Amino acid sequence: MPVSLPQIDDMPGAVPEDWEAIGAAIGRYVRGRTRRSDLVEEVVQETLSRLVEQSRQKTLVSIYALGFRIAANLLVDHHRRDRRYLNGPEMEQVSEAPLPDRIIAGRQELSVLIDALAAMPPLRREVVVRRRLRGESCAAIARDLELSLKAVEKHITRGLADLHRAMAASDN
Amino acid sequence: MTRDPQIAADAAMWVNRLDQPVIDTSVSAAFDAWMAADARHREKFADLQALWHSDTLTQALDQSEATVVSNAPVAVVAHFSGLRRSAPWLAAAACAAMLMLFLLVPGLQVETYRTGTGNGQAIVLADGSHVELSGDAELSIRILPWRRDATLVRGEAFFDVAHEGWRPFRVQSGASSVRVLGTAFNVDRQSPTRTAVEVYRGAVTFAAGGAENIVLRKGDRARAVDDRIAAQAPGPNAPGHDKPDWTAGWFEAADVPMSVLIAKVQRYSVRPIRLRDPGLAALPVSGRFQVSNPARVLKAIRGAYALEIRYDRDAIRIAPAPGVPGS
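Residues numbered from 1 in each chain as written. Chains lettered and ligands numbered in written order. Predicted model: local features only at pLDDT ≥ 70, side-chain atom pairs only at ≥ 80, totals over all residues. Heavy atoms only, no water.

As recorded in an unreviewed UniProt entry, chain B goes by FecR family protein and comes from Sphingomonas psychrotolerans.

### Observations regarding the overall build of chain A
On a plain count of helices and strands, chain A comes out with 7 helices and 0 strands. Going from the N terminus to the C terminus, chain A shows its helices and strands as α-α-α-α-α-α-α. By sequence separation, contacts in chain A at least 24 residues apart represent 55% of the contacts at least 6 residues apart. Within the structure as shown, chain A displays about 9700 Å² of accessible surface, and the carbon and sulfur contribution to it stands at 54%. (Helix = DSSP H or I, 4+ residues; strand = E, 2+ residues; numbered from the N terminus. Contact = heavy atoms within 4.5 Å. Areas by Shrake-Rupley, 256 points an atom, 1.4 Å probe, with all protein chains shown as cover.)

### As for the packing of aromatic side chains
The description of an aromatic ring pair uses the distance of the two centres, along with the angle that the planes make with each other. One pass over the full model with this rule turns up 9 aromatic pairs over all chains. Both rings, one in B:Phe159 and one in B:Phe185, keep their centres 5.2 Å apart while their planes meet at 15 degrees; by these two values the pair is stacked. Of this pair, B:Phe159 sits in strand E5 (residues 148-160) while B:Phe185 sits in strand E8 (residues 184-191), placing them 26 residues apart in sequence. Looking at B:Phe159, the relative accessible area reads 0%, which means it is buried. Clustering of aromatic rings is evident, with ring pairs tying together A:Tyr29, A:Tyr64, A:Phe68, B:Trp14, B:Phe31, B:Trp34 and B:Phe45. (Phe/Tyr/Trp six-rings, centres within 6.5 Å; stacked < 30°, edge-to-face > 60°. Buried < 20%, exposed > 50% of the residue type's maximum accessible area, 1.4 Å probe, protein only.)

### A short note on the packing of helix H5 (residues 122-133) of chain A against helix H6 (residues 138-145) of chain A
Residue and element names in this part refer to chain A. Relative to each other, H5 and H6 sit at 140 degrees, their axes nearing to 10 Å. Comparing the axis directions of H5 and H6 gives the class oblique. Like other packed secondary-structure pairs, H5 and H6 cross with a definite hand, here right-handed. The segment H5 lies against H6, with Leu123, Glu126, Val127, Arg130 and Arg131 engaging Cys138, Ile141, Asp144 and Leu145. Taken together, the residues that form the contact of H5 with H6 break down as 5 nonpolar, no polar and 4 charged. (Axes fitted to C-alpha atoms, helices over the stretch in contact; angles between N-to-C directions. Parallel < 35°, antiparallel > 145°, perpendicular 65-115°, else oblique. Left-handed = near helix turned anticlockwise from the far one by under 90°. Nonpolar A, V, L, I, M, F, W, Y, C, P; charged D, E, K, R; others polar.)

### Here we look at H6(A)
Among all positions of H6(A), only A:Cys138, A:Ala140, A:Ile141, A:Ala142 and A:Asp144 are buried. Looking one or two residues beyond H6(A), the residue adopting positive phi is A:Glu146, at roughly 55 degrees.

### A closer look at a positive patch on the surface
A contiguous patch of positive charge, built from A:Lys150, A:Lys154, A:Arg158 and B:Arg17, is present on the exposed surface. The element that contributes the greatest number of residues to the positive patch is helix H7 (residues 149-171) of chain A, accounting for 3 residues. Structurally, A:Lys150 can be placed in helix H7. (Patch = residues over 30% accessible without salt bridge, like charges linked within 9 Å, V, L, I, M, F, W, Y side chains within 5 Å. Salt bridge = Lys/Arg side-chain N within 4 Å of Asp/Glu carboxyl O. Lys, Arg positive; Asp, Glu negative; His and termini not counted. Charge placed at Lys NZ, Arg CZ, Asp CG, Glu CD.)

### What about the interface of chain A and chain B?
Contacts between chain A and chain B engage 58 residues on the former and 69 residues on the latter. Looking only at chain A, the three residues that lose the most surface to chain B are A:Arg132, A:Leu133 and A:Arg134, adding up to 13% of its buried area. Our count for the chain A to chain B interface comes out at 3 salt bridges. Connecting chain A to chain B are 12 residue pairs in polar contact (both at pLDDT 80 or more). Elements that contribute at least two residues to the side of chain A that touches chain B include exactly helix H1 (19-33), helix H3 (63-87), helix H4 (100-119), H5, H6 and H7 of chain A. (Buried area = accessible area lost by both parts, 1.4 Å probe. Polar contact = N/O pair within 3.5 Å; in protein donor to acceptor, adjacent residues only side chain to side chain.)

### Brief notes about the environment of B:Ser134
All names here are of chain B. Within the secondary structure, Ser134 sits in the loop between strand E3 (130-133) and strand E4 (138-143). For Ser134, a relative accessible area of 2% corresponds to the buried category. Between the C-alpha atom of Ser134 and that of Lys264, which follows or precedes it by 130 residues, the distance is 9.2 Å. What Ser134 contacts, discounting residues up to four positions off in sequence, is Thr115, Asn119, Gly120, Gly155, Glu156, Trp246 and Arg267.

### Focus: unusual backbone geometry
Residue and element names in this part refer to chain B. Positive phi values are uncommon outside glycine, yet Asp136 reaches one of about 50 degrees. Mapping Asp136 onto the fold places it in the loop between E3 and E4. The class for Asp136 is partly exposed, based on a relative accessible area of 26%. One non-glycine residue, Ala306, lies in the positive phi region at around 55 degrees. Along the chain, the position of Ala306 falls in the loop between helix H9 (294-305) and strand E17 (307-311). For Ala306, a relative accessible area of 26% puts it in the partly exposed group.

### Things to note about the side chain of B:Ser177
Structurally, the position occupied by B:Ser177 is in strand E7 (residues 176-180). Assessed through its relative accessible area of 12%, B:Ser177 is described here as buried.

### What about the confidence of the model for chain A?
All names here are of chain A. The predicted model of chain A has a mean per-residue pLDDT of 79, with 76% of residues at 70 or higher. Ignoring residues within four places in sequence, the model shows residues 1-14, a span with pLDDT below 50, making 1 contact including any to other chains. Between residues 87-101, whose pLDDT stays under 50, and residues either more than four places distant or in other chains, the model counts 41 contacts. (pLDDT = per-residue confidence, 0-100.)

### Brief notes about the nonpolar core
Core analysis: the biggest nonpolar cluster contains 59 residues, and A:Tyr29, A:Tyr64, A:Phe68 and B:Phe45 have the highest contact counts within it. Looking at which element gives the most residues to this core, the answer is H3(A), with 10 residues. If we ignore the near neighbours within four places in the chain, the residues touching B:Phe45 are A:Phe68, B:Ala11, B:Trp14, B:Val15, B:Leu18, B:Phe31, B:Trp34 and B:Met35. In this structure, B:Ala150, B:Phe159, B:Val171 and B:Val197 belong to the second largest nonpolar core, which totals 29 residues. (Core = buried A, V, L, I, M, F, W, Y, C linked by side-chain atoms within 4.5 Å.)

So, in structure tokens, the structure goes:
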């Protein structure tokens with residue numbers, strides 16, 4: 001009678017990772033943040049290879065959360081390197097604007113977002129500004145504005161959905 | 001299609017949850033399960049996460065915040081005190097912010113520096129930037145994980161900003177502002193509606209009243225009066241100088257109102273200096289003055305502009321010399 005042995009490689013109960021789906025999601029995120037197609041491929045590959053490596057070393061709590069975080073950090077690194085390259089060593093600086101090819105697309109997006117923020121209920125806008133711009137915790141915002149934690153989270157998620165809807169509408 | 005708004009709402013909820021300082025393992029597992037369930041989930045999350053992290057959103061919030069602040073100054077005060085109270089929370093949240101994981105977060109509260117007459121101060125900020133503050137000045141500083149803000153309430157300051165490509169440094173002076181990533185520049189708040197800027201290294205973006213926005217490079221000077229920016233001829237500092245004149249006690253006046261020069265001298269004079277005639281305040285002056293030596297400056301302008309200067313016990317009073325027509 002054949003005895004089935006547990007496979008040593010696999011964690012019991014672990015689902016094999018769908019790397020293609022992870023790569024596609026990360027790719028979509030990176031494309032949303034830069035117009036440089038060469039960079040997209042590079043960041044996705046680097047993110048996936050780091051994820052594979054890390055998932056070999058230990059069980060990851062959330063492969064998606066880690067993947068998005070790695071990609072975000074890689075984008076910051078690239079951004080910084082590009083800026084240094086574009087401006088030369090002693091020309092530190094200029095504007096806070098991102099990469100040059102992002103600027104024109106960015107301007108239109110900027111006015112869409114500003115309009116969407118203006119259209120928001122003031123309390124919601126205040127919560128979003130405090131959270132995203134000033135980095136205040138949800139708990140601190142709840143305390144300052146005398147709201148429940150749930151209400152703060154609702155304002156953030158609805159606010160983000162509002163902004164997303166405005167962006168999607170402007171694309172059509 | 002009918003479920004799309006629901007997917008967007010769920011995705012937004014996940015963006016917010018993953019942005020929290022502490023993420024529970026059960027929450028993480030639920031997130032992976034949600035992402036694995038449907039390609040539309042993954043797409044929506046990727047779009048919303050990209051939007052939430054985008055620089056464009058930071059800029060949009062920045063601008064909408066500016067309008068909120070100008071409409072309700074009281075809210076700003078409340079916000080500052082709130083910041084101080086919530087500093088430990090902020091630090092926790094900031095450490096968790098995905099982009100910023102690798103950063104050290106120094107202090108997040110507003111620091112205010114004030115100097116008295118004749119006493120400048122050299123300050124090293126939490127991010128390693130250096131500031132030299134003139135006498136009789138006030139500067140408040142706030143350093144956040146994604147930006148660095150300084151407000152020059154009064155006086156003059158020379159900034160040598162630590163270069164951080166991803167974290168702009170902004171100096172607000174009245175309605176005008178200077179934005180940089182890392183460079184050396186001087187900001188002189190000559191009056192509530194008048195600010196002069198000079199760049200010593202790198203380049204800065206100079207804006208006034210939201211209307212204008214110009215880039216100043218090394219050696220460039222400009223001043224904003226109300227909402228108008230005017231470029232100025234390069235100063236005597238141009239080549240070889242890496243610091244403004246005033247840090248050595250000098251002021252190069254190029255066609256500035258007398259009141260601006262007097263305000264500079266005032267930084268070094270214990271006795272208040274009063275211009276007795278309002279017409280004098282607007283009188284254009286030019287020249288290089290050693291403002292750290294008030295008596296010497298006053299003597300120089302007395303001859304050049306036909307003034308009478310009286311050293312009273314409580315104040316120094318400046319008036320047109322008697323018998324001089326048209327002054």
